Amino acid sequence: MTIYPPLEIPETLAAGPGPGNTDPRVLERFAKTGVADHMQKDVLRGMIEAKEMLREVFGTKNTYTYGVGGTGFSGLDCVLSMILPGDKVVAFTNGTFSGIDGLTIRMKASTREELAANPLNPKPASVVIVEVPHGQSVTGDVVDKALTKHKPMWAFMAHWETGSGRINDLKGFSDACLKHGAMGIVDVVSSLGVADYNIDDYPGVVAWASCPQKGVLSLPLTYAPVSFTDKAIDVVRKRGCYTYVHNPILEARHWGIIDGKDVPTPAYHRTHSCYAVAAFHEALRILLGYGRRGKAADYAYHEKALRQAVQAMGCDVTSNMTSLVVLNLPGKLKGKEKDLVAGCRAHGFGIWTTLSEPVQVRIGILNQLTPEAITEIVSRFADAMLDMGAEFDKQQMMNGLKAYYAKAA
Ligand SMILES: *Cc1c(COP(=O)(O)O)cnc(C)c1O
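Computed from a predicted structure; not experimentally measured.

(A) Spotlight on the environment of T271. Mapping T271 onto the fold places it in the loop between β12 (261-262) and α9 (274-290). Assessed through its relative accessible area of 56%, T271 is described here as exposed. For T271 and V127, which are 144 residues apart along the polypeptide, the C-alpha to C-alpha distance reads 35 Å.

(B) Seen up close, the domain arrangement of the protein chain. Here the protein chain is partitioned into domain 1 (24-288) and domain 2 (292-408). If you average the C-alpha positions of domain 1 and of domain 2, the two centres end up 30 Å apart. In this assembly, domain 1 packs against domain 2 so that about 1900 Å² is buried in total across both faces, 54% of it on carbon and sulfur atoms. Among the residues domain 1 hides against domain 2, the three largest losses belong to H134, V194 and D196. Together they make up 28% of the total. Inspection of the domain 1/domain 2 interface yields 2 salt bridges. When the shortest N-O distance is used, the salt bridge between D196 and R292 registers 2.8 Å. The interface formed by domain 1 and domain 2 contains 12 residue pairs in polar contact (both at pLDDT 80 or more).

(C) Geometry of the pairing of strand β17 (residues 361-364). The side-chain alternation of β17 yields two buried faces, one formed by V361 and I363 and the other by R362 and G364. For strand β14 (residues 324-328) and β17, the ladder comprises 4 bridges, and the chain directions are antiparallel. Bridge pairing in β17 places V325 opposite I363. Pairing analysis gives 2 bridges linking strand β16 (residues 352-353) to β17, with the strands arranged antiparallel. Looking across to β17, one finds that W352 is bridged to R362.

(D) Summary view of the pattern of salt bridges. Under the criterion given, the structure shown has 21 salt bridges. Ionic pairing is found between R55 and D262, a salt bridge with its closest N-O pair at 2.8 Å. Taken together, the positions of R55 in helix α2 (residues 41-58) and D262 in strand β12 put the pair 207 residues apart, joining distant regions of the chain. Residue K332 is joined to E391 by a salt bridge in which the shortest nitrogen-to-oxygen separation is 3.1 Å. Pair noted here: K332 is in the loop between β14 and α11 (337-346) and E391 is in the loop between α12 (371-387) and α13 (394-408), with a separation of 59 residues, a long-range link. Classification of K332 as exposed rests on a relative accessible area of 55%. Judged by its relative accessible area of 68%, E391 falls in the exposed class. Salt bridges linked by common partners bring K41, D42, R45 and E49 together as one network.

(E) Geometry of the site of the ligand. Close contacts around the ligand come from T71, G72, F73, L76, F97, W160, T162, D187, V189, S190, Q213 and K214, and that covers them all. At a separation of 2.7 Å, an oxygen atom of the ligand approaches a polar side-chain atom of T71. G72 has a polar backbone atom sitting 2.9 Å from an oxygen atom of the ligand. Relative to its unbound accessible area of 380 Å², the ligand is 90% covered by the protein chains. A per-element tally of the shell around the ligand places helix α3 (residues 72-80) first, with 3 residues. The residue inventory of the shell around the ligand, partitioned by class, reads 5 nonpolar, 5 polar and 2 charged.

(F) Local environment of the packing of aromatic side chains. Enumeration according to the criterion identifies 11 aromatic pairs in this entry. Residues F73 and F97 carry aromatic rings whose centres are separated by 6.4 Å and whose planes lie at 35 degrees to one another, so their mutual orientation is tilted. Residue F73 is found in helix α3, and its partner F97 is found in helix α4 (residues 96-109); the two are separated by 24 residues along the sequence. Since its relative accessible area comes to 35%, F73 is described here as partly exposed. Site record: aromatic cluster; members linked through ring pairs are Y223, W255 and F280. A cation over a ring is seen here: K295 above Y290, with NZ or CZ 4.9 Å from the ring centre.

(G) Inspection of the nonpolar core at higher detail. Counting 119 residues, the largest nonpolar core has Y66, F92, F228, V310, L327 and F381 as the members making the most contacts within it. Counting contributing residues, this core receives three or more from each of domain 1 (24-288) and domain 2 (292-408).

(H) Structural detail: the packing of helix α6 (residues 140-150) against helix α7 (residues 170-180). Their axes nearest at 8 Å, the elements α6 and α7 cross at an angle of 20 degrees. Classed by the angle they form, the pair α6 and α7 counts as roughly parallel. In terms of crossing hand, the pair formed by α6 and α7 is right-handed. For the pair α6 and α7, contact is made by G140, V143, D144, L147 and T148 and by G172, F173, A176, C177, K179 and H180, respectively. For the contact of α6 with α7, a count of residues per class yields 5 nonpolar, 4 polar and 2 charged.

(I) The arrangement of the packing of helix α10 (residues 292-312) against α13 in detail. One can describe the packing of α10 onto α13 by two numbers: an axis separation of 9 Å at closest approach and a directional angle of 155 degrees. As judged from the angle between their axes, α10 and α13 are roughly antiparallel. In this structure, the crossing between α10 and α13 has a hand that is right-handed. Mapping the contact onto sequence places Y301, H302, K304, A305, Q308, A309 and A312 in α10 and M397, L401, Y404, Y405 and A408 in α13.

(J) Representation of α4. Taking 1.5 Å of rise per residue, 14 residues should cover 20 Å, and α4 covers 20 Å from first to last C-alpha, within 8% of that figure. Within α4, burial applies to T96, F97, S98, D101, G102, T104, I105, R106 and A109.

About the criteria used
By convention here, each chain's residues receive numbers from 1 onward along its written sequence. pLDDT decides what is reported in this predicted model: residues at 70 or higher carry local features, side-chain atom pairs at 80 or more are listed and counted, and totals for whole chains, interfaces and linings draw on all residues regardless. No hydrogens and no water enter the side-chain calculation; it runs on all heavy atoms of the structure. A run of DSSP states H or I qualifies as a helix once it reaches four residues; a run of E qualifies as a strand once it reaches two. Both are numbered from the N-terminal end. Relative accessibility thresholds used throughout: buried, under 20% of the residue-type maximum; exposed, over 50%; partly exposed, between the two (1.4 Å probe, protein chains only). A domain assignment, automatic or from a database, supplies the domain bounds used here. Put simply, buried area is the surface a 1.4 Å probe can reach on two separate parts but cannot reach once they are joined, added for both. We define a salt bridge as a side-chain nitrogen of Lys or Arg found within 4 Å of a carboxyl oxygen belonging to Asp or Glu. Distance and chemistry together define a polar contact, namely a pair of N or O atoms within 3.5 Å, with one atom able to donate a hydrogen and the other to accept it when in protein, and with adjacent residues in sequence counting only for side-chain atoms on both sides. Any two strands are treated as partners once DSSP identifies two or more bridges connecting them. Any residue with a non-hydrogen atom lying within 4 Å of a molecule or strand is treated as near it. Where accessible areas are quoted, they stem from the Shrake-Rupley method and a 1.4 Å probe; at the residue level, only the protein chains shown are allowed to cover. Under this grouping Gly is polar, as are all residues other than the nonpolar Ala, Val, Leu, Ile, Met, Phe, Trp, Tyr, Cys and Pro and the charged Asp, Glu, Lys and Arg. Stacked, tilted and edge-to-face pairs are distinguished by plane angle, under 30 degrees for stacked and over 60 for edge-to-face with tilted covering the rest, among Phe, Tyr and Trp rings (Trp via its six-membered ring) whose centres lie within 6.5 Å. Look at NZ for Lys and CZ for Arg. If either is within 6 Å of the ring centre and within 35 degrees of the ring normal, a charge sits over the ring. Nonpolar cores are built from buried Ala, Val, Leu, Ile, Met, Phe, Trp, Tyr and Cys residues. Side-chain atoms within 4.5 Å join them into one set. Comment: axis = line fitted to C-alpha atoms, over the contacting stretch for helices; angle = value between 0 and 180 degrees taken between N-to-C directions. Should an angle fall under 35 degrees it is taken as roughly parallel, and over 145 as roughly antiparallel, whereas 65 to 115 is taken as roughly perpendicular and any remaining angle as oblique. A clockwise turn of the near helix away from the far one marks a right-handed crossing, whereas an anticlockwise turn of less than a right angle marks a left-handed crossing. Any pair of residues with heavy atoms lying within 4.5 Å of one another is described as a contacting pair. A helix's residues, less one, multiplied by 1.5 Å, set its expected span.

Next comes the structure, spelled out in structure tokens:
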């Protein structure tokens, strides 16, 4: 038997699509919280307060708004569990993550025969996947056309597809769902806490799922925020779904949501961690204290700085998200994306390539909202590019970045 030495994980510069760098205040809450069980009064109070703050973050009056223990895909599993075998679904995909969501949908909508025919990649007859090419956005027009043709019960889209860095048309999606009587489900894993919007402004969407590690910035694995309209919950109440733990109605009980109402005394669903509750609560306090609008403006401002800097290095940016830049390397470096990224990662500079074709480079700025942090990211990326033979004048490029920030200040 081997007992390994304690696990040391170094501090890196997390400059990818996620996770974002956790605020020290969140880590402090995590570490300073006393042990208390999952029915202790302050733990329960923390969950109820977090639920209320989460409604602010989402911009919603939906009672069924709470956190699902785990990562983004845990929240998505909860909302997508409303889909039952044989349900007609149209899902729009334009990159890695909506692609995985599409797979979840195909698994959930499959009949037993369809699942058995291809257990890890089923192709149920009731699901239509509309593939929008990598690098392009899902438009309202594409959604409208597909819903006109297929008239599904459910429609699905990612708001911000992190795989390709593209923003999809939320209003167009919601409007098309209303027009064609489909219930919309949206993955807002990448946009919640980064963009400024109220989900209640999109009434065609009945369920939303986000994650702890991106815009919400509560990595010490906490909660994936979800929100359901009463219409969605009614469907689950009438039909049920095939999960206890991610059941949209049952999971809500521990957050003090029972029989469609907020109640002062939550009911046990599972053993929530007092540490996770305290960390999540603090992350929400930080986000609301910063202000949704101010934060969204800061992301846009710093993304522009990064975008212009990589363009000055000869890169071609194909994304339009404000937390992430997805780019093609200039001519001479084409084909070296993976080597470049591996080199950066080996030195604790955590950027990424795309996870599906075509291979591009992704640089993120989650919680890196200062000129100093962006300057560090730009400088390290420039060094990596130059090491691989790129030709540009680093000093001139850095001066351009400095001028951008000086002008704004
Ligand atoms: C990151 C991401 C996910 C997956 O989140 P995990 O926390 O890795 O489970 C799903 N959808 C989108 C759009 C994402 O960006």
